[in-house]
Amino acid sequence: QFQLAVPVAVVFSPGSVPGDLPRPLPFRDVQEMEIPVNLRTTVTTRYETIYRSTTAQEEAALEAATAREADAALHPLQDASLGSLTLYVVPETSSLLPQGISVYVGKHRSALVRAGGGLAALRARLQQLTQVMSFTVSSITAALSDRVPNGQLSPDARRHLKSSLGYEITFSLLNPDPKSHAVDWDIEDAVNRYVQPVLDKLSLVANFSVDSQILYYAVLGVTPRFDKESSSFLLSAHSLPHVINPVEARLGSSAASLYPVLNFLLYVPERSHSPLYIQDKDGAPASTNAFHSPRWGGIMVYNVEAPASPQASLPLHVEVDMVRVMEVFLAQLRLLFGLSREELPPEFLLESPGNEGLADWELDRLLWAHTVENIATVSTTLTSLAQLLDKIGNIVIKDDVASEVYRAVASAQSAVAELAVGHLHSAFQASKEAVTSSERAFFDPSLLHLLYFPDDQKFAIYIPLFLPMAVPILLSLAKIVRETRQRKKEPTKVD
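Conventions adopted
- Numbers given for residues are sequential positions, taken from 1 along each chain in its written order.
- The predicted nature of this model means local features are confined to residues of pLDDT at least 70 and side-chain atom pairs, given and counted, to a pLDDT of 80 or more, with totals for whole chains, interfaces and linings taken over all residues.
- Side-chain measures here rest on the full set of heavy atoms in the structure, leaving out hydrogens and waters.
- Note that patches include only residues with greater than 30% relative accessible area and no salt bridge, and the join distances are 9 Å for like charges and 5 Å for nonpolar side chains (Val, Leu, Ile, Met, Phe, Trp, Tyr).
- All accessibility values rest on the Shrake-Rupley procedure with a 1.4 Å probe; residue burial counts only the protein chains present in the view.
- Salt bridge, as used here: a side-chain nitrogen of Lys or Arg that lies within 4 Å of a carboxyl oxygen of Asp or Glu.
- Secondary structure elements are taken from DSSP: a helix is a run of H or I of four residues or more, a strand is a run of E of two residues or more, and numbering for both begins at the N terminus.
- UniProt positions are given in the numbering used here, feature names are shortened, and annotations may be inferred rather than shown by experiment.
- Boundaries between domains were set according to an automatic or database domain assignment.
- Two strands pair if DSSP finds at least two bridges between them.
- Working convention: axes come from line fits to C-alpha atoms, limited for helices to the stretch in contact. Angles between N-to-C directions cover 0 to 180 degrees.
- Here the term buried applies to any residue with accessible area under 20% of the maximum for its type, exposed to any over 50%, and partly exposed to those in between, with areas from a 1.4 Å probe on protein chains only.

A. Quick look at a nonpolar patch on the surface. On the surface, Ile 461, Tyr 462, Leu 465, Phe 466, Met 469, Ile 473, Leu 474, Leu 477 and Ile 480 cluster together to form a nonpolar patch covering roughly 940 Å² of accessible area. Along the chain, Tyr 462 turns up in helix α12 (residues 455-489).

B. Geometry of the UniProt feature "transmembrane region" (unreviewed entry) in the chain. Under the UniProt annotation, the feature "transmembrane region" (unreviewed entry) is placed at residues 459-481. Secondary structure over residues 459-481 splits into 100% helix and 0% strand, and the C-alpha atoms at its two ends are 28 Å apart.

C. Quick look at the domain arrangement of the chain. Annotation of the chain at the domain level lists domain 1 (2-144 + 344-350), domain 2 (166-337), domain 3 (360-447) and domain 4 (455-490). A separation of 40 Å is found between the C-alpha centroids of domain 1 and domain 2.

D. Quick peek at the sheet that holds strand β10 (residues 225-227). Ordered in space as β10-β11-β13, the 3 strands form an open sheet in which the pairing is mixed. Unpaired on one side and paired on the other, β10 and β13 (276-278) mark the two borders of the sheet. For this sheet the average axis-to-axis angle between neighbouring strands, irrespective of direction, equals 40°. Relative to β13, strand β11 (residues 232-235) runs parallel, the two sharing 3 bridges. Looking at the pairing, Phe 233 lines up with Leu 276 of β13.

E. Spatial organisation of unusual backbone geometry. Following Leu 25, the chain continues to Pro 26 via a peptide bond in cis, the omega torsion being -5°. Mapped onto the fold, Pro 26 is located in the loop between β1 (2-12) and β2 (27-36). Ser 274 connects to Pro 275 through a cis peptide bond whose omega is -5°. Inspection of the secondary structure puts Pro 275 in the loop between β12 (261-267) and β13. Residues other than glycine seldom take positive phi values, yet Tyr 217 does so here, at roughly 60°. Here Tyr 217 shows up in the loop between β9 (207-216) and β10. By relative accessible area, Tyr 217 is classed as exposed at 52%. Phi is positive for Asn 289, which is not a glycine, with a value near 55°. Turning to its location among the elements, Asn 289 is positioned in the loop between β13 and β14 (290-293). Asn 289 gets classed as buried once you look at its relative accessible area, which sits at 8%.

Written out as structure tokens, the structure reads:
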């Protein structure tokens with residue numbers, strides 16, 4: 001049974017305190033909510049809120065000209081621990097927030113909220129905001145998707161990557177027609193400039209390795225349809241799933257990988273199928289000319305402009321615009337990690353995370369989901385191991401395997417306890433240790449060879465060996481018994 005505690009500080013600036021506060025500032029308040037996962041599992045969420053007034057430093061920071069400047073100035077003054085939130089309430093007449101915007105969510109772990117409408121309206125707004133910045137019912141049920149009945153899952157629940165200790169990212173350039181196109185891409189510089197800052201931020205979640213490759217004569221495996229009106233070739237939405245298998249057979253990256261592999265493919269169409277556009281479900285061309293496959297990666301089609309004169313010498317030199325390509329791939333990376341921005345009311349304004357690719361609160365949101373998923377994974381792994389040991393009576397558990405099981409249980413219990421008091425960072429670290437120990441115990445080599453020799457298989461192996469030897473021995477024994485009985489029946493001769 002999970003209990004997730006989120007420490008929240010609601011800070012009132014001068015002129016923003018509602019008149020109907022139940023107690024004078026500062027005071028504490030706790031709100032609880034239950035998320036039913038299945039008949040046996042419920043997740044209890046606790047928002048432990050402290051209401052207080054601004055300090056002199058915070059007041060000075062809130063006098064900035066724009067919300068972005070205020071967010072940057074407030075950042076050093078906040079509680080920097082993972083999973084904590086600081087919400088600043090500003091007066092209704094404040095010019096910090098643009099016209100028509102009542103909530104501004106910054107790049108860090110804070111937000112600006114416009115006062116107005118009394119305490120009840122403010123509380124409703126704050127509750128919605130805390131869920132956006134920590135976890136929602138859908139993000140927790142997605143993390144526990146293996147335990148949730150299918151009917152209760154949202155369509156996006158199974159799109160996100162499963163929690164793992166590491167991920168491998170492979171960027172592939174597919175050039176099916178090298179006779180016509182000599183394609184150049186500066187992938188190393190693009191990864192350093194655009195991908196690495198995001199991976200540095202995500203390094204807390206998992207280890208990442210990045211590689212790239214160029215594949216020649218690799219085709220999509222689906223023949224695009226020629227459209228006379230636009231004089232271009234089209235790939236319809238229903239044919240996109242058939243693109244992946246033929247291409248994946250050429251990639252070869254997942255064969256020797258211990259961790260999930262994310263594939264990002266840049267496809268330069270051959271000259272005979274150029275230009276090539278991807279259609280969405282409504283039949284309109286996709287604006288990015290790309291699509292992503294849940295838990296696998298994404299493919300972008302990069303069209304090459306036809307030469308001005310038909311006599312142009314082949315192959316044409318193509319320099320790939322890496323900024324445009326990386327924008328698409330980074331957006332797909334966010335989708336794969338479940339970092340897509342949820343549908344929010346129009347009065348919410350979310351600050352762009354900039355070069356880092358994700359805001360601090362988005363990282364926390366990922367950690368909440370992964371911690372819950374890790375603990376559930378440990379529970380499943382250890383239960384499977386226990387059931388296995390019950391079935392195979394003659395299995396031998398070594399001391400090191402037993403110690404890994406004990407360590408996994410202790411780490412999982414520690415993670416659950418840390419979640420209950422709102423210590424997200426230590427809870428996540430403990431959940432990672434629990435996963436590592438449980439996997440080591442389950443896949444220990446000393447257990448593996450016994451898994452494949454249950455009693456019925458032993459009989460199947462040994463009977464063909466011993467039966468040919470046993471038949472003559474049994475026949476000889478039967479003959480001896482018969483002769484002994486006959487001797488007993490015959491009368492003894494007396495001289």
